[in-house]
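Now for the letters of each chain:
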Amino acid sequence: MTHTSRLKSYSNILRDNVPTIILAVFFLTEFLTKFLEYYGFEYHRIGVVFKVLFVIIILLNRVLPKSMFWQLSLLCVLFVISQVFIDYDLSFYEGVSKNVLYLSKYLFIFVVAAYFRSLKMNSAEIDHLINVVFFLLWVNFVVILIGTLFNIGLFATYGPNRFGYNGLIHINSHSSYIYIFALIYVVYNYIKTKKYSANFWMIVLSALLIGTKTSYLFCGLVAVYLWFYYRIYKSLAFYSLAILLLFSGFIFQEKLMSLFTTHYSAFVMLYNDSGIITALASRRNLILGETLALAFQEYWVWINYMIGGGFFNEIRTEMAFVDLYLFWGVLGMFAYLKLYYNYVIKAFMFHPFLRYAIFSLFIACFFGGNFFTNAVIAIYIVVFANFFILEKKKL
């Protein structure tokens with residue numbers, strides 16, 4: 001083989017594995033960001049650099065479909081106009097510069113979706129990417145177990161006052177939604193094949209160990225679906241197990257309460273200070289009232305109700321759909337959700353469980369927040385969406 005042909009061969013291999021490389025790079029930079037932040041480095045947002053490079057390459061290669069390009073352009077125009085009218089003590093330039101990061105986070109998933117659509121991947125190629133995702137999640141599962149067993153702060157989801165280990169993943173919301181979509185995939189396969197897999201149990205255990213309320217809520221909603229789907233309520237074994245668990249809980253209630261207050265001390269303190277609703281919502285119910293008052297009474301004029309007025313340093317509730325409205329307004333929110341449905345959600349609409357799962361996801365992210373602005377999870381969502389697009393074609 002000549003030097004030229006060898007280089008051409010290597011080039012073809014590299015080109016064929018670009019999606020795999022992107023997945024691996026995004027995953028590794030996620031951990032690098034977490035590592036640098038944990039040890040106090042001044043600049044730690046390495047992942048942002050790679051995502052910006054990714055967007056630049058996509059735009060230069062004109063991958064975006066014309067319809068998507070014009071819809072994203074409309075959203076950008078609405079954003080700029082909203083910054084003109086919002087009334088805060090910043091210049092127009094300062095307002096745009098402080099919010100352009102959140103604009104890019106909102107729009108990033110569409111760039112990723114356009115890139116994957118341009119590849120026109122077949123089932124074997126998508127299955128390969130799914131295997132790569134689960135390989136990365138198996139690696140993360142091992143790290144989660146190590147973090148849980150040895151109480152390693154670097155691998156923790158939160159600080160010392162709350163239980164949860166998300167391994168190599170940087171932020172709690174990132175891990176919540178990555179595992180939610182992975183759970184959708186493994187439960188769908190379980191319903192389809194009527195067989196448990198190692199991936200199924202790994203994802204379920206990971207979703208429980210990361211310790212986020214968003215993940216717990218979604219797992220609970222999926223359990224409700226399976227409870228009705230398989231008519232578990234008719235099973236004597238279910239009621240026997242339920243009675244055994246209740247009896248065990250009564251016997252060991254003091255130890256269980258001690259364990260709960262030790263690992264969820266932040267929740268207990270919040271409950272004692274502000275009540276159960278505030279504790280379950282992680283103060284979002286209080287932040288909601290404060291944020292809406294700030295937006296409606298101080299910062300917004302009439303046009304902002306239609307096109308939004310995001311100033312996410314202050315106007316942010318961490319409730320996904322509320323923040324979506326605050327950033328985009330009525331018109332922008334409608335345009336954004338229409339685009340999101342066409343390029344993401346539509347892929348999940350062909351099966352009853354998947355429709356239920358997406359509905360459950362929206363319930364969870366309403367209370368959990370940071371879903372639509374979560375650029376890290378975009379590539380995972382798009383990979384799973386592409387799997388289900390091809391899965392529908394097989395029916």
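Residues numbered from 1 in each chain as written. Predicted model: local features only at pLDDT ≥ 70, side-chain atom pairs only at ≥ 80, totals over all residues. Heavy atoms only, no water.

Draft legend 1. Molecular detail of the overall build of the protein chain. Summing up its helical and strand segments, the protein chain has 18 helices and zero strands in all. For the protein chain, whose C-alpha radius of gyration is 23 Å, the value lies close to the compact-globule estimate of 21 Å for 395 residues. When the 395 residues of the protein chain are sorted by exposure, 47% land in the buried category. A total of about 20700 Å² of accessible surface is found on the protein chain, and carbon and sulfur atoms cover 68% of it. (Helix = DSSP H or I, 4+ residues; strand = E, 2+ residues; numbered from the N terminus. Rg over C-alpha atoms; globule rule 2.2 N^0.38 Å. Buried < 20%, exposed > 50% of the residue type's maximum accessible area, 1.4 Å probe, protein only. Areas by Shrake-Rupley, 256 points an atom, 1.4 Å probe, with all protein chains shown as cover.)

Draft legend 2. Quick look at helix H18 (residues 378-394). Spanning 17 residues, H18 covers 25 Å between terminal C-alpha atoms, matching the ideal 24 Å at 1.5 Å per step. Taking burial as the measure, the 17 residues of H18 include 13 buried ones, the bulk of the element. (Expected span 1.5 Å × (residues − 1).)

Draft legend 3. Highlighting the packing of aromatic side chains. Considering all chains together, one arrives at 56 aromatic pairs under this definition. Judged by centre distance (5.8 Å) and plane angle (90°), the ring pair of Tyr336 and Phe372 falls under edge-to-face. Separated by 36 residues along the polypeptide, Tyr336 in helix H16 (residues 320-343) and Phe372 in the loop between helix H17 (352-368) and H18 bring together distant segments of the chain. Neither Tyr336 nor Phe372 differs from the other in exposure class; each is buried. One residue, Lys51, lies across the ring of Phe26, its end atom 4.9 Å from the ring centre. Lying across the ring of Tyr158, Arg162 places its NZ or CZ 3.9 Å from the centre. (Phe/Tyr/Trp six-rings, centres within 6.5 Å; stacked < 30°, edge-to-face > 60°. Lys NZ or Arg CZ within 6 Å of the ring centre and 35° of its normal.)

Draft legend 4. Up close: the confidence of the model for the protein chain. In this model, the protein chain carries a mean pLDDT of 87, and residues with pLDDT of at least 70 account for 93%. No element of the protein chain has a lower mean pLDDT than helix H1 (residues 3-16), which averages 52, and none a higher one than helix H8 (residues 198-209), which averages 97. (pLDDT = per-residue confidence, 0-100.)

Draft legend 5. Expanded view of helix H14 (residues 284-299). What H14 keeps buried is the set Arg284, Thr291, Leu294, Ala295 and Tyr299. The arc that holds every buried residue of H14, seen down its axis, measures 90°, which confines them to one face. For H14, the exposed residues set more than 90 degrees away from the buried face come down to Glu290 and Gln297. Each element contacted by the buried residues of H14 is listed here: helix H4 (66-85), helix H15 (304-307), H16 and H17. (Arc of directions from axis to C-beta. Contact = heavy atoms within 4.5 Å.)

Draft legend 6. Representation of the side chain of Asn304 in the model. With respect to the helices and strands, Asn304 occurs in helix H15. For Asn304, the side chain forms a polar contact with the main-chain oxygen of Ser82, separated by 3.4 Å. The residues touching Asn304, leaving out its near neighbours within four places in the chain, are Ser82, Phe85, Ile86, Tyr299, Gly309 and Gly329. (Polar contact = N/O pair within 3.5 Å; in protein donor to acceptor, adjacent residues only side chain to side chain.)

Draft legend 7. Spatial organisation of the pattern of salt bridges. A complete count under the given rule lists two salt bridges for this structure. Lys192 serves as the salt-bridge partner of Glu391, at 2.4 Å between the closest nitrogen and oxygen. In this pair, Glu391 sits in helix H18 while Lys192 sits in helix H7 (residues 172-193), placing the two residues 199 residues apart along the sequence. Residue class for Glu391 comes out buried when judged on its relative accessible area of 3%. For Lys394, the salt bridge identified is with Glu391, shortest N-O distance 3.8 Å. Taken together, the positions of Lys394 and Glu391, both in helix H18 and three residues apart, correspond to about one turn of that helix. According to the relative accessible area criterion, Lys394 is exposed, its value standing at 51%. Linked through salt bridges whose partners overlap, the residues forming this network are Lys192, Glu391 and Lys394. (Salt bridge = Lys/Arg side-chain N within 4 Å of Asp/Glu carboxyl O.)

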